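Topology and contacts: notes
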Amino acid sequence: LEEWYNTNLKSQESKIADGKYCNDRNVQSGYTWASQPTSTFYYAGYKRLWTDYAPTLSCGTLDTYTLKVGLITSDEVMYAGGKFANNTSYYLYNGHDYWTMSPYCWYYGSSTSLSAAMFVVSTSGYLTNAGVYASEVDVRPVINLKADAQISGGNGTKDNPYIVA
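Described in the following lines is the structure provided in the data block. (Residues numbered from 1 in each chain as written. Predicted model: local features only at pLDDT ≥ 70, side-chain atom pairs only at ≥ 80, totals over all residues. Heavy atoms only, no water.)

We now examine the overall build of the protein chain. Within the protein chain, the regular secondary structure consists of 3 helices and 10 strands. Helices and strands in the protein chain line up, N terminus first, as α-β-β-β-α-β-α-β-β-β-β-β-β. Of all 165 residues assigned to the protein chain, the portion counted as buried reaches 37%. Considering only intrachain contacts with a sequence separation of at least 6, the fraction spanning at least 24 residues in the protein chain is 60%. Accessible surface, the protein chain as shown: approximately 9,800 Å² in total, 51% of it carbon and sulfur. (Helix = DSSP H or I, 4+ residues; strand = E, 2+ residues; numbered from the N terminus. Buried < 20%, exposed > 50% of the residue type's maximum accessible area, 1.4 Å probe, protein only. Contact = heavy atoms within 4.5 Å. Areas by Shrake-Rupley, 256 points an atom, 1.4 Å probe, with all protein chains shown as cover.)

This part covers a nonpolar patch on the surface. Taken together, the side chains of Trp-4, Ile-143, Leu-145, Ile-151, Tyr-162 and Val-164 define a hydrophobic patch exposed on the protein surface, amounting to about 530 Å² of accessible area. You can see Ile-143 is positioned in the loop between strand S7 (127–131) and strand S8 (144–145). (Patch = residues over 30% accessible without salt bridge, like charges linked within 9 Å, V, L, I, M, F, W, Y side chains within 5 Å. Salt bridge = Lys/Arg side-chain N within 4 Å of Asp/Glu carboxyl O.)

All chains considered together, the criterion is met by 1 disulfide. Cys-22 shares a disulfide with Cys-59; S-S distance 2.1 Å. When the S-S torsion is 85°, as for the bridge of Cys-22 with Cys-59, the disulfide is right-handed. You can see Cys-22 sitting in strand S2 (residues 19–22) and its partner Cys-59 sitting in the loop between helix H2 (44–51) and strand S4 (64–67), a full 37 residues away along the chain. Residue Cys-22 is classed as buried on the basis of its relative accessible area, which comes to 16%. (Disulfide = S-S within 2.5 Å.)

Our next topic: the nonpolar core. In this structure, Val-77, Tyr-90, Leu-92, Tyr-104, Cys-105 and Leu-127 are the most contacted members of the largest nonpolar core, which totals 16 residues. For this core, the secondary-structure elements that each account for two or more residues are helix H3 (74–80), strand S5 (98–108) and strand S6 (114–121). The element best represented in this core is S5, accounting for 4 residues. Non-local contacts of Leu-127, meaning those with residues more than four positions away in its chain, are made with Leu-49, Trp-50, Ser-74, Val-77, Met-78, Gly-82, Lys-83, Phe-84, Thr-100, Phe-119 and Val-120. One finds Trp-99, Met-101, Met-118 and Ala-134 within the second-largest nonpolar core, a separate group that totals 9 residues. (Core = buried A, V, L, I, M, F, W, Y, C linked by side-chain atoms within 4.5 Å.)

Structure follows, in structure tokens:
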């Protein structure tokens, strides 16, 4: 992300605000690494989103990073319309798989190798998960504009995006 930012947006840094990005590393209730060393170990987002369907914009202070660029959270995807069914009509849909910054689980794969999975937005627009080894998943950076940034054109659609002056 930093390399992409430095190549594509560094020259516009005066218009970009420091954003607060949430990497919810809380463990799902009932799980600890010590109690689940050879099976699946879920993060809190799994229960909150997959079981309870209760996204949140709250984030613990230990999980908040202040940066110029980040990734969207799985909770933000759910609020926008990316639930667990195909949805190609909301603004986050782009026809590609892409990562969120929200962890899903740790698990032992075949031959007892430890792996991790993250929430992703699928090519069909729904929220799912993928192992971190999945090389076909894209990165879709997120930035925050400063309050005084001016829009000089566009209407915010995919075909006519805003132009920041």
